[in-house]
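# Per-entry structural report
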Amino acid sequence: MERLVERLEKAVERLETACQGPGMCGDGSSKGVAQYVQAFDALLAGPVAEYIKISKEVGGDVQKHAEMVHVGLMSERALLVMASQHQQPTENAFSSLLKPISEQIQVVQNFREKNRGSKLFNHLSAVSESIPALGWVAMAPKPGPYVKEMTDAAMFYTNRILKEYKDVDKKQVDWVKAYLSIWTELQAYIKEYHTTGLTWNKTGPVATEGTKSPSVAPAGAAPPPPGPPPPPAPAPASSSTDDSASRSALFAQINRGEGITSGLRHVSDDMKTHKNPALKNQGGPVRSGPKPFTAPKPACNANPAQKTSLKAPALLELEGKKWRVENQENATNLVISDTELKQVAYVFKCTNSTLQIKGKINSITLDNCKKLGLVFDDVVGIVEIINSRDVKVQVMGKVPTISINKTDGCHVYLSKNSLDCEIVSAKSSEMNVLIPTEGGDFTEFPVPEQFKTVWNGQKLVTTVTEIAG
C-alpha cells in the first residue's frame, strides 16, 4: 500500500509540473493561453456560434455544412494554440501540420458538389467558395487580403440568397449576415494579431510534424458537432471546382518562395549522359528520381457498358418549383412547356444540346454547360450563365437582366422587346450581343473585355479601351 501511495504522489507531482506550461492544464480557462488564442475563442463564441445556431434553425444541408465548417475552425484553433507555444517549423513540417485544415476544406467543398440538387444550393455554394479562407495561416505577408478575396467569392451567392428571401424569410437573411460576419471579424483579428503572417512563439521548442497542441477547450465556444462528416466523394470535373480544389490543396505551398527549389538535386558533369556515354550502357537505370506521371491506360477487355454506368444520369424533371436539366449530351430537342411564373430552371453540365423553355418563368441558370443553345420566351427575374463555354442564348420575349460569369464564348440574341435588358459580365471573354434589325437579321456587337483605369485626383475612373471594340 505504501508503494502505491508513493507512486500516486509521483504521478500527481508530474501532472502539477506539466500544468505550469502555457495552456497545459486542459481546464478550459484562459490562464496561460496566448492572447491571440483567446481572441480567436471570442470569434468562435460570437459570430461562429451565431452562424451555427441559425444554421441549425434552417436545418437540412445547411446544418450539416455548418458542422463541417465548425470542424475546420476548430482545426485552425488547434494550430493557433500550437503556434503560440512553438517556434516556426520547417516548410515540410508546416505542410504536414496544415493537412487537417486542408482536408477539411476539401470535405466542405465536396459536400456542395454532392448536393447540387439541394434546394439550398446557394447556401452551400457561398460556404464552399469562401471556406479556403481558412488557409490564411499559410499566407504571408498579406493574409488579411487573402481572406477578403475569399469572402468576395461568396458574395455572388449570398446576394442571390438575399434577393430570393429578402421579403420572404428573415431567418435566411440573418444566416447570410451571420456567415459573412465570421470572415469580417477574422480579417480584423488577423490585422491585429497576424498582420504579416501567422505569429509563432520565439522561445518555445521548434514545432515538428508530430507536434500536437494540448486539448484546451475554448471558453464559450459553440458545442462540437455530433460526429465527423461522411468521407467525401470525388468532385465532378468543372472549371470552378478544379480552381477551388487546387487552391485549397496547394495553399500551404504557395508561400515557399525560393525555398521551393531546396529539394532539387545538383547534377555534376560526371553524372550527365551526354558527357559520359558509358553511363548509357550500364545495366541499372540512370534516373534516380521518380518516374514522370502517366495516366493509366484502360484495359483492352474493359466493358463499355460499365464505363457508361459511371456517368451521372441525364435529367429533365420538375422538382418542386425547380426544373432540373442535368447531364444532357447531344440532345437537340429538349423542351420545357408546362411552366409557371414561380418556377425556376437550373441547367447543369449539358453538352452539345439545345433547350427551349416556353412560357414565363422566374429565372434560368446555366452552370458548367458547353456548346449549349437556349431559347426562352419570358423571364421575370434573371438569366445567369456560370462556368460555361460556347453557349448561345436567344430571347423571344422579355428579360430584365442577363448575368455572364466565368464564361468563355457567349452569344446573346435579344428580341425587340428585350432591348432594355441589362447585361452584367465578370471574368468572361468572347461575349457578343446580337441586336435585331428591321429586316429580321441581327447585328453583332462585342462586349468589352479590356478596360483602362486612371486616378483623376479624387477617385478611380474606368473606361473601355479603344482596342476592346
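The structure under discussion appears in the preceding block.
All figures in this text were calculated on a predicted structure; none of them were measured in a lab. (Residues numbered from 1 in each chain as written. Predicted model: local features only at pLDDT ≥ 70, side-chain atom pairs only at ≥ 80, totals over all residues. Heavy atoms only, no water.)

### Structural notes on the overall build of the protein chain
Definition in use: Secondary structure elements follow DSSP: runs of H or I of four or more residues count as helices, runs of E of two or more count as strands, with numbering from the N terminus. For every residue, the accessible area (1.4 Å probe, protein chains only) is compared with the maximum for its type, and the residue is labelled buried under 20%, exposed over 50%, or partly exposed between those bounds. Residue contacts follow a heavy-atom distance rule, with two residues in contact if any of their heavy atoms lie within 4.5 Å. The accessible surface values rely on the Shrake-Rupley method and a 1.4 Å probe; as for residues, cover is taken only from the protein chains in view.
In terms of regular secondary structure, the protein chain is built from 10 helices and 16 strands. The burial tally for the protein chain puts 41% of its 469 residues in the buried class. In the protein chain, once contacts between residues fewer than 6 apart in sequence are set aside, the share between residues at least 24 apart is 44%. Here the protein chain has roughly 26600 Å² of accessible surface; of this, 54% comes from carbon and sulfur atoms.

### Points about the sheet that holds strand E9 (residues 389–395)
Note the cut-off: The criterion for strand pairing is that DSSP finds at least two bridges linking the strands in question. Whenever a helix is involved, its axis is fitted only over the stretch in contact; in every case the axis is a line through C-alpha atoms, and angles between N-to-C directions fall within 0 to 180 degrees.
Taken together, seven strands build an open sheet; the order of strands is E3-E5-E7-E9-E11-E13-E14 and the sheet is mixed. Here the strands that pair on one side only, and so sit at the sheet edges, are strand E3 (334–336) and strand E14 (442–446). In this sheet, adjacent strand axes meet at a mean angle of 15 degrees when their direction is disregarded. Strand direction decides the pairing type here: strand E13 (residues 429–436) and E14, joined by five bridges, are antiparallel. Directly across from valine 433, in E14, lies its bridge partner phenylalanine 445.

### A few points about the nonpolar core
As a reminder of what qualifies: Throughout this description, the term nonpolar core refers to a set of buried Ala, Val, Leu, Ile, Met, Phe, Trp, Tyr and Cys residues connected via side-chain atoms within 4.5 Å.
Tyr51, Trp136, Trp175, Trp183, Leu186 and Leu198 are the most contacted members of the largest nonpolar core, which totals 57 residues. Of all the elements in the fold, those that place two or more residues in this core are helix H2 (35–58), helix H3 (60–83), helix H4 (91–97), helix H5 (99–114), helix H6 (121–130), helix H7 (143–165) and helix H8 (170–193). Apart from residues lying up to four places away in sequence, leucine 198 is in contact with Leu79, Leu80, Ala83, Phe94, Trp136 and Val137.

### Focus on the state of the cysteines
We apply this condition: Here, two cysteine sulfur atoms that lie within 2.5 Å of each other are counted as a disulfide.
Tallied over the entire structure, the rule returns zero disulfides. Looking at cysteine 350, it has no disulfide partner, and the nearest cysteine sulfur is the one in cysteine 369, 4.9 Å off. Looking at cysteine 350, the relative accessible area reads 0%, which means it is buried.

### Quick notes on the sheet that holds strand E4 (residues 344–348)
With respect to topology, seven strands assemble into an open sheet ordered E1-E2-E4-E6-E8-E10-E12, the strand pairing being mixed. Among the strands making up the open sheet, the edge pair consists of strand E1 (315–319) and strand E12 (422–426). In this sheet, neighbouring strand axes are inclined to one another by 10 degrees on average, regardless of whether the strands run parallel or antiparallel. Looking at chain direction, strand E6 (residues 363–367) and strand E8 (residues 382–386) are connected through four bridges and run parallel. When the bridges of E8 are listed, threonine 365 appears paired with glutamate 384. Against the sheet, H7 makes contact with E6, E8 and strand E10 (401–405), and its axis sits at roughly 160 degrees relative to E8, the strand it touches most.

### Some thoughts on the packing of aromatic side chains
Which entries qualify depends on this criterion: Aromatic pairing here means that ring centres of Phe, Tyr or Trp (its six-membered ring) are within 6.5 Å. Orientation follows from the plane angle: under 30 degrees is stacked, over 60 is edge-to-face, and everything else is tilted.
A full pass over the atoms with the stated rule returns 12 aromatic pairs. For the pair phenylalanine 156 and tyrosine 157, a centre-to-centre distance of 5.0 Å together with 90 degrees between the ring planes defines the contact as edge-to-face. Judged by relative accessible area, which is 23%, phenylalanine 156 ranks as partly exposed. A relative accessible area of 8% means that tyrosine 157 is categorised as buried.

### Considerations on the side chain of asparagine 327
Its place among the elements puts asparagine 327 in the loop between strand E2 (322–326) and E3. Given a relative accessible area of 17%, asparagine 327 falls into the buried group. Beyond its immediate chain neighbours, meaning those up to four positions away, asparagine 327 contacts Ala312, Pro313, Ala314, Phe348, Lys349 and Cys350.

### Topic: the environment of serine 429
Put simply, the test is: Any pair of N or O atoms that falls within 3.5 Å is considered a polar contact. Within protein, one atom must be able to donate a hydrogen and the other to accept it, and sequence-neighbouring residues count only if both atoms are side-chain atoms.
Within the secondary structure, serine 429 sits in strand E13. Residue class for serine 429 comes out buried when judged on its relative accessible area of 17%. Separated by 18 residues in sequence, serine 429 and valine 447 have C-alpha atoms that sit 8.4 Å apart. When sequence neighbours within four positions are dropped, the list of residues in contact with serine 429 reads Thr407, Asp408, Gly409, Cys410 and Glu449. In this structure the side chain of serine 429 is engaged in a polar contact, spanning 2.6 Å, whose partner is the side chain of aspartate 408.

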